[in-house]
Amino acid sequence: MIDVIEQLNSVTRTVGDRVLEAGEARVVTLTRTYDATVEELWDACTKPERIARWFLPISGELKEGGRFQIEGNAGGTIERCDPPESFVTTWEFAGASSRVEVRFVPEPAAGGTRFELEHTMAVDDHWNQFGPGAVGIGWESGLLGLDLHLSSGGSFDPAEGAAWAASEEGRRFMALSSERWCEAHIAGGETEEQARAAAARTTAAYTGTPPQES
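Keep in mind that what you see is a predicted model, and the values were worked out from it rather than measured.

What to know about the overall build of the chain
Inference 1: Along its length, the chain carries eight helices and eight strands.
Inference 2: Seen along its three principal axes, the alpha-carbon backbone of the chain occupies a region of about 50 × 45 × 35 Å.
Inference 3: Every one of the 214 residues in the chain was classed for burial, and the buried ones make up 43%.
Inference 4: When contacts within the chain are restricted to residue pairs at least 6 apart in sequence, long-range pairs at least 24 apart make up 50% of them.
Inference 5: Summed over all atoms, the accessible surface of the chain reaches about 11,100 Å², with 52% contributed by carbon and sulfur.

Considerations on the sheet that holds strand 8 (residues 112-122)
Inference 1: Spatial ordering of the open sheet is given by 1-2-8-7-6-5-4-3, a layout of eight strands whose pairing is antiparallel. Two strands bound the open sheet, and with one partner strand each, they are strand 1 (12-20) and strand 3 (58-60). Going from strand to strand, the sheet's axes swing by 25 degrees on average, the running direction of each strand aside.

Examining the nonpolar core
Inference 1: Residues Leu-30, Phe-104, Phe-115 and Leu-146 are the most contacted members of the largest nonpolar core, which totals 42 residues.
Inference 2: For this core, the leading source of residues is helix 5 (residues 133-152), giving seven residues.

Some points on the packing of helix 5 against helix 7 (residues 168-187)
Inference 1: As a packed pair, helix 5 and helix 7 sit with axes 9 Å apart at the nearest point and diverge in direction by 125 degrees. It follows that helix 5 is oblique to helix 7 by the angle criterion. Of the two elements, helix 5 crosses helix 7, and the hand of that crossing is right-handed. Side by side, helix 5 and helix 7 meet where Gly-133, Gly-136, Ile-137, Glu-140, Ser-141 and Leu-144 of the first sit next to Phe-173, Met-174, Ser-177, Ser-178 and Trp-181 of the second.
Inference 2: Looking at side-chain class alone, the contact of helix 5 with helix 7 contains five nonpolar, five polar and one charged residues.

Regarding the UniProt feature "domain: Activator of Hsp90 ATPase homologue 1/2-like C-terminal" (unreviewed entry) in the chain
Inference 1: Feature annotation in UniProt assigns "domain: Activator of Hsp90 ATPase homologue 1/2-like C-terminal" (unreviewed entry) to the following positions: residues 35-143.
Inference 2: Annotated as 30% helix and 42% strand, the span residues 35-143 places its first and last C-alpha atoms 13 Å apart.

Quick look at the packing of helix 6 (residues 158-166) against helix 7
Inference 1: One way to put it is that helix 6 packs onto helix 7 with a least axis distance of 4 Å and a crossing angle of 70 degrees. Our classification of the angle between helix 6 and helix 7 gives roughly perpendicular. Residues Trp-164, Ala-165 and Ala-166 of helix 6 pack against Glu-168, Glu-169, Gly-170, Arg-171, Phe-173 and Met-174 of helix 7.
Inference 2: When the residues that make up the contact of helix 6 with helix 7 are grouped by side-chain class, the tally is five nonpolar, one polar and three charged.

About the criteria used
Residues numbered from 1 in each chain as written. Predicted model: local features only at pLDDT ≥ 70, side-chain atom pairs only at ≥ 80, totals over all residues. Heavy atoms only, no water. Helix = DSSP H or I, 4+ residues; strand = E, 2+ residues; numbered from the N terminus. Buried < 20%, exposed > 50% of the residue type's maximum accessible area, 1.4 Å probe, protein only. Contact = heavy atoms within 4.5 Å. Areas by Shrake-Rupley, 256 points an atom, 1.4 Å probe, with all protein chains shown as cover. Pairing = 2+ DSSP bridges. Axes fitted to C-alpha atoms, helices over the stretch in contact; angles between N-to-C directions. Core = buried A, V, L, I, M, F, W, Y, C linked by side-chain atoms within 4.5 Å. Parallel < 35°, antiparallel > 145°, perpendicular 65-115°, else oblique. Left-handed = near helix turned anticlockwise from the far one by under 90°. Nonpolar A, V, L, I, M, F, W, Y, C, P; charged D, E, K, R; others polar. UniProt positions renumbered as here; feature names shortened; annotations may be inferred.

In structure tokens:
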């Protein structure tokens, strides 16, 4: 059993604005503290054999300027790599390109490391339809897998992960995550009507439950 509420409470979510050369963008940020050193967390998030144990198999050159491909998911180019503090990469999926920055910050008082992930994406039809939860829920699921890996040293089984996502517990996790991203969306300046409509569509996409008619 996974303590869904504890996992959800461990993540801080924000939605902000940014202006890029290409136009208006949104920044989806997740922050979570792990009971691990900066070096341990860096290793888990940058070594192919470790990434496959909590996320998905990854191939390519995991170094500055290198290209990578996550199995069945996104690919991209590593634009900057500053071990063990941060890295920046493009995130290319379904014909769209966005940007991901990950930072590892020591938390001496807590005895661990703060993991910060910023996903910057253009305001387009996909954003307007689904909002921040479209990427936020996926990243939260990944951070859950990372927590289980760090705490147990075990490996992630994609088949078991898919079965959990389809279970009642997994669907509850994603539905509640969607609700919290909706609140972050509103706090970030979106109208409540638009934020809740986007969240309903995102919840339906992740859980297979049709959105309720208003």
